[in-house]
Amino acid sequence: MTYDPAARRDTPLAAKLKASIARAGPMPVSEYMSQCLWDDAYGYYATRSVIGGTGDFITAAEISQIFGELIGLWAGVVWSQVLGAPERVTLVEYGPGRGTMMRDALRSARIVPGFLQVASVHLVEMSSVLANEQRAALDGCGVPLSWGHNLTGFHTPAIIVANEFLDAWPVEQWIKTELGWFPRAVGLDAAGHLTFTHITGVHRRDDLDAQYPNAPLGAIFETQRAGRMADAFRALAETGPVAALIIDYGHVEPVSGDTLQAVRGHAYEHPLTSPGEADLSAQISFYELATALHADGLAIDGPVTQSEFLGNLGIIERASRLMSANPKRAGEIEASVARLIAPNGMGTRFKAIGVRTPNLPPLPGFGL
């Protein structure tokens, strides 16, 4: 990443955060991230449309229609072969963006006999701006639609998909100091600018000394509280069968380090540069997520790379058919698919993991 680490912009939220810190002291990184994304007046997701070429970043569903189409076919197969074709099923998306993936998914899912006749769609979305875009994208889709703010609260059996959802969850960070591991926080420097610092006192994490005995001073440990997602799946599983697909960028081994990043106008910048006007995200620890899911009695498939998952679903074959039907767009289709499965790019940086109630068979797309 190439950006000026000292750059700071006087955004409206920056002024609000500075006043809060001056009054109450440094705020944990998790609170800073939450305020930047969801502040009612100035939060990034709460106030603007952020996805696509005119936004700050592009998701896989915005890159190629094939992504959403494959997810729709995957959901249809899960309904028929994994859930046993129940007479009622809820297709849920956590963090639906502009509704692009669900729109493409429903279009392709029509070829699965009987699926959409028994399905309803539930979208979990906190942003009223994005919810309005989703309503427009899904207008006339032919299935019942509902919206909610919680990870639970819909009928089971359920099929849940979450693409680039967890990376926007606020992360908690600890930094190693001479006195031990303390929460990393955002405070003010001598000039009154936002800066990273730490909170001392009763918050010390002594267990991290044993976990990372050779970590140097300044080392950072990060967690996304994956137990919240696992607890939601467990609660849902108590009411009926649940199968879920989570796709996001992250790592599969337990590691320490700072992965918090900011993107504005499709370019990286320092996370403290433009509070409320840049996308903040962090890599997913699939190790942490899998550990939490297992602890709550859920079964998992994977994780595998996005390239492997989409390859198992037939992305190359689907692209070939689409290129044959649209020869004038063949180059565009080929380039977009290549971007989704590129090694050392989205194809390997992004991972897919399946989650299911233990009585269900393995989910498709994850190999043997």
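Numbers given to residues run from 1 along each chain, matching the order in which its sequence is written. Two thresholds apply to this predicted model, a pLDDT of at least 70 for residue-level local features and 80 or more for giving and counting side-chain atom pairs, whereas whole-chain, interface and lining totals are computed over all residues. The basis for every side-chain value is the complete set of non-hydrogen atoms in the structure, without hydrogens or water.

A.B. asks: Whenever I open this one, the packing of aromatic side chains confuses me. Can you help?
C.D. replies: Any two aromatic rings considered together are summarised by their centre-to-centre distance and by the angle between their planes. Pairing of aromatic rings covers Phe, Tyr and Trp, the last counted by its six-membered ring, and requires centre-to-centre distances within 6.5 Å; plane angles under 30 degrees mean stacked, over 60 mean edge-to-face, and any other angle means tilted. Applying the stated criterion to the full structure yields eleven aromatic pairs. Ring geometry for Tyr44 and Tyr45: centres 5.2 Å apart, planes at 75°, overall edge-to-face. Comparing Tyr44 with Tyr45, the two get one shared label, buried. For the pair Trp181 and Tyr212, a centre-to-centre distance of 6.4 Å together with 50° between the ring planes defines the contact as tilted. Taken together, the residues Trp181 in strand β7 (residues 180-188) and Tyr212 in the loop between α9 (207-211) and β9 (220-223) connect sequence positions 31 residues apart. Owing to a relative accessible area of 0%, Trp181 belongs among the buried residues under this scheme. Note on exposure labels: buried denotes an accessible area under 20% of the residue type's maximum, exposed denotes more than 50%, and partly exposed covers the range between, all computed with a 1.4 Å probe on protein chains only. Among the residues examined, Tyr212 registers a relative accessible area of 15% and is labelled buried. Joined through ring pairs, the aromatic side chains of Tyr94, Phe165, Trp169 and Phe233 make up one cluster. Above the plane of the ring of Phe196 lies Arg184, whose end atom (NZ or CZ) is 3.8 Å from the centre. Numbered from the N terminus, helices here are DSSP runs of H or I no shorter than four residues, and strands are runs of E no shorter than two. Lysine and arginine charges are scored as sitting over a ring when NZ or CZ, respectively, is within 6 Å of the ring centre and within 35 degrees of the ring normal.

A.B. asks: Help me understand the sheet that holds strand β12 (residues 267-269) in this model?
C.D. replies: The strands making up a sheet associate through hydrogen bonds between their backbones, and the pairing can be parallel or antiparallel. The strand order across the open sheet built from three strands is β12-β11-β13, with neighbouring strands paired in antiparallel fashion. The open sheet terminates on both sides in strands that have one partner only, identified here as β12 and β13 (279-281). Direction aside, neighbouring strands of the sheet carry axes that sit 35° apart on average. Strands qualify as paired when DSSP identifies two bridges or more between them. Note: strand β11 (residues 261-264) against β12, three bridges, orientation antiparallel. Paired with Arg264 across the bridge in β12 is Ala267. Fitting a line to C-alpha atoms yields each axis, with helices limited to the stretch in contact; the angle taken between N-to-C directions then spans 0 to 180 degrees.

A.B. asks: Would you mind going over the pairing of strand β4 (residues 145-148) with me for this structure?
C.D. replies: Working note: regular strand, side chains alternate between the two faces of the sheet. Taken together, the four bridges between strand β3 (residues 119-124) and β4 define a ladder with parallel strand orientation. From the neighbouring strand, His122 faces β4, where its bridge partner is Ser146. Crossover handedness for the path β3 to helix α8 (residues 128-137) to β4: right-handed. Clockwise travel from the first strand over the helix to the second, with the strands pointing away from the viewer, marks a crossover as right-handed.

A.B. asks: Can you walk me through the nonpolar core in this structure?
C.D. replies: Here is a general trend for soluble globular proteins: nonpolar side chains tend to be buried in one another's company. Take the buried residues of types Ala, Val, Leu, Ile, Met, Phe, Trp, Tyr and Cys, join any two whose side-chain atoms come within 4.5 Å, and each joined set is a nonpolar core. If you look at the biggest cluster of nonpolar residues, it comprises 50 residues, and the most contacted ones within it are Phe115, Ile159 and Phe309. A per-element tally of this core places helix α5 (residues 65-82) first, with nine residues. Between two residues, a contact is recorded if the distance between any of their heavy atoms is within 4.5 Å. Not counting residues within four places of it along the chain, the set of residues in contact with Phe309 comprises Ile71, Trp74, Leu245, Ile247, Val304, Ala352, Pro364, Gly365 and Phe366. By size, the runner-up hydrophobic cluster in this structure holds 30 residues, among which are Val92, Phe165, Leu166 and Ala226.

A.B. asks: What is the right way to read helix α10 (residues 227-237) from this model?
C.D. replies: Each α-helix turn comprises 3.6 residues. Residues three or four places apart therefore point the same way. Three or more residues of α10 are buried, namely Met229, Ala230, Ala232, Phe233 and Leu236. Projection of α10 onto a plane perpendicular to its axis shows the buried side chains occupying an angular sector of 160°, all on one side. Where α10 is buried, its residues contact β2 (89-94), β5 (158-163), β10 (242-251), α11 (286-295) and β16 (350-356). The arc in question is traced by the directions running from the helix axis to the C-beta atoms.

A.B. asks: Quick question: what am I supposed to make of the packing of α5 against helix α6 (residues 100-109) here?
C.D. replies: Packed helices, taken two at a time, are described by their axes: the angle between them and the distance between them. At a minimum axis distance of 7 Å, the contact between α5 and α6 shows a crossing angle of 55°. Comparing the axis directions of α5 and α6 gives the class oblique. Of the two possible hands of crossing, α5 and α6 adopt the one that is right-handed. Two secondary-structure elements touch here, α5 through Gln65, Phe67, Gly68, Glu69, Ile71, Gly72 and Leu73 and α6 through Met101, Asp104, Ala105, Arg107, Ser108 and Ala109. Here the angle decides the label: under 35 degrees means roughly parallel, over 145 means roughly antiparallel, 65 to 115 means roughly perpendicular, and every other value means oblique. Left-handed is the label given to a crossing in which the near helix is rotated counterclockwise from the far helix by less than a right angle, and right-handed is the label when the rotation is clockwise.

A.B. asks: Would you mind going over the environment of Gln283 with me for this structure?
C.D. replies: Topologically, Gln283 is positioned in the loop between β13 and β14 (284-285). Looking at Gln283, the relative accessible area reads 29%, which means it is partly exposed. Each C-alpha atom of the pair Gln283 and Pro144 lies 34 Å from the other, and the pair is 139 residues apart in sequence. Pairing of N or O atoms within 3.5 Å defines a polar contact, subject to two protein rules: one partner must be a possible hydrogen donor and the other a possible acceptor, and residues neighboring in sequence count only if both atoms are side-chain atoms. Within the local environment of Gln283, its side chain forms a polar contact with the side chain of His251, the two groups lying 3.3 Å apart.

A.B. asks: Is there a simple way to explain the side chain of Thr357 in this structure?
C.D. replies: Counting through the fold element by element, Thr357 comes out in the segment after β16. Classification of Thr357 as buried rests on a relative accessible area of 4%. Not counting chain neighbours up to four residues away, the residues in contact with Thr357 comprise Ala237, Gly240, Pro241 and Val242.

A.B. asks: I'm lost on the packing of α10 against α11 in this one. Help?
C.D. replies: Close contact between α10 and α11 brings their axes to 8 Å; oriented N to C, the two are set at 35°. For the pair α10 and α11, the crossing hand works out as right-handed. Residue-level inspection shows Gly227, Met229, Ala230 and Phe233 of α10 in contact with α11, the latter providing Leu289, Ala292 and Leu293. Here the term charged refers only to Asp, Glu, Lys and Arg, the term nonpolar to Ala, Val, Leu, Ile, Met, Phe, Trp, Tyr, Cys and Pro, and the term polar to all other amino acids, Gly among them. In terms of residue class, the contact of α10 with α11 is built from six nonpolar, one polar and no charged.

A.B. asks: What exactly am I supposed to notice about unusual backbone geometry here?
C.D. replies: Across the chain, the bulk of peptide bonds are trans and the bulk of non-glycine residues have phi less than zero. Residues Thr156 and Pro157 are joined by a peptide bond in cis, for which omega reads 5°. By the secondary structure assignment, Pro157 is in the loop between β4 and β5. Here Gly302 and Pro303 are connected by a cis peptide whose omega angle stands at 5°. Positionally, Pro303 belongs in strand β15 (residues 299-305). One non-glycine residue, His266, adopts positive backbone phi at about 65°. With respect to the helices and strands, the residue His266 is situated in the loop between β11 and β12. For Asn344, which is not glycine, the phi torsion reads 65° and is therefore positive.

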